[in-house]
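This is what each chain is made of:
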Amino acid sequence: IRRAEASLDRIEYILHEEDSVPDPINPVPFPRPKGEIVFENVHFSYTDAAVLRDINITIEAGKTVALVGPSGAGKSTFANLIPRFYDTVSGVVKIDGIDVSTVSKYDLRDQIAFVSQEAILFADTILNNIRIGRPGASDEEVVAAAKMANAHEFIESFPDKYESIVGERGASLSGGQRQRISIARAFLKNAPIIILDEPTSALDSRSEEQLQVAMEKLSQGRTVLIIAHRFSTIQHANTILLFDEGEIVASGTHQEIYEKSGIYRELYDKQTMQQA
């Protein structure tokens, strides 16, 4: 009982914490977007130090864009401003011409699927863990999403198949299997905008290869942002944005940036040598 009281106290504290990103008083309608994302004169800082400075970029609908750069360069912050995990200090983020700060967070985030570096799974069945992507989905739709994510085969190998309990945080699954469950959620949600936050950074080469196939399927017809740790993750990207000290210092294809940016060339060559 005392342990439960301590947990309840913590939950009460969180539930009553002031929302640092409040909804607009009169949110504007937000129909399913095509997926064009625009940053106009965006500045952001967590404290006094600027994390993003004067960001101006347009990401066309249906394109796959990779965000690369040294640690702390601003890649994750850039992506986190799109679903309003934070608000800009100044400047505007727009989706299909609509300022994201004028839309309800529920409507905004309903159109964005997020696959993080660590897949968060619950001590429940595989079926219910995938269904988190769209709670009202049928069993057939869940299975179809798993097939698209290249997860169906390993799920079917378990004695209880889709009714298998994955354990706390997916303890009974490998890292690659957990990530494919996470990708299946994104397929099931069928959002027009996808954010992939270093989804392969903790995987071995075989698991990464299997996940790459699933991510390429997921990217088709959607606007995709990939925060890249491994350069192998961004092979199918239409454009690469190179971040350094809170600014986008170069953009283009791999070959274009490799030829004109010493920072990118150093990052790429260092990783290539480590893999050799």
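So, how was this worked out
Residues numbered from 1 in each chain as written. Predicted model: local features only at pLDDT ≥ 70, side-chain atom pairs only at ≥ 80, totals over all residues. Heavy atoms only, no water. Pairing = 2+ DSSP bridges. Helix = DSSP H or I, 4+ residues; strand = E, 2+ residues; numbered from the N terminus. Expected span 1.5 Å × (residues − 1). Buried < 20%, exposed > 50% of the residue type's maximum accessible area, 1.4 Å probe, protein only. Salt bridge = Lys/Arg side-chain N within 4 Å of Asp/Glu carboxyl O. Axes fitted to C-alpha atoms, helices over the stretch in contact; angles between N-to-C directions. Contact = heavy atoms within 4.5 Å.

Caption draft 1: Main features of the pairing of strand β1 (residues 37-45). Across six bridges, the pairing between β1 and strand β2 (residues 50-59) is antiparallel. The partner of Phe44 across the bridge, within β2, is Leu52. As consecutive antiparallel partners, β1 and β2 are separated by four residues. Alignment of β1 against strand β4 (residues 90-95), held across five bridges, turns out to be antiparallel. In the strand pairing of β4, His43 is matched with Ser90.

Caption draft 2: View of helix α7 (residues 175-189). Taking 1.5 Å as the rise per residue, α7 with 15 residues should run 21 Å; its terminal C-alpha atoms sit 21 Å apart, in good agreement. Across the 15 residues of α7, twelve count as buried, placing the element largely inside the fold. Every buried residue belonging to α7 is among Gly176, Gln177, Gln179, Arg180, Ile181, Ser182, Ile183, Ala184, Arg185, Ala186, Phe187 and Leu188, and all of these are buried. One or two positions beyond α7, positive phi appears at Asn190, with a value near 60°.

Caption draft 3: View of the pattern of salt bridges. Under the definition given, this model contains six salt bridges. Note that Lys105 is salt-bridged to Asp19, the shortest N-O span being 2.5 Å. Here Lys105 is found in helix α3 (residues 105-109), whereas its partner Asp19 is found in the loop between α1 (2-15) and β1, with 86 residues between them in sequence. According to the relative accessible area criterion, Lys105 is buried, its value standing at 13%.

Caption draft 4: Here's a closer look at the sheet that holds strand β3 (residues 64-68). Taken together, the six strands give an open sheet; going across it, the order is β6-β7-β8-β3-β9-β10, and neighbouring strands pair in mixed fashion. Here the strands that pair on one side only, and so sit at the sheet edges, are β6 (112-115) and β10 (247-252). Strand-to-strand twist in this sheet, taken as the mean axis angle between neighbours without regard to direction, amounts to 20°. With four bridges connecting them, β3 and strand β8 (residues 223-227) associate as parallel partners. Residue pairing in the sheet places Val65 in a bridge with Leu225 of β8. α7 rests against β6 and β7 (193-197) of the sheet, and its axis sits at about 175° to β6.

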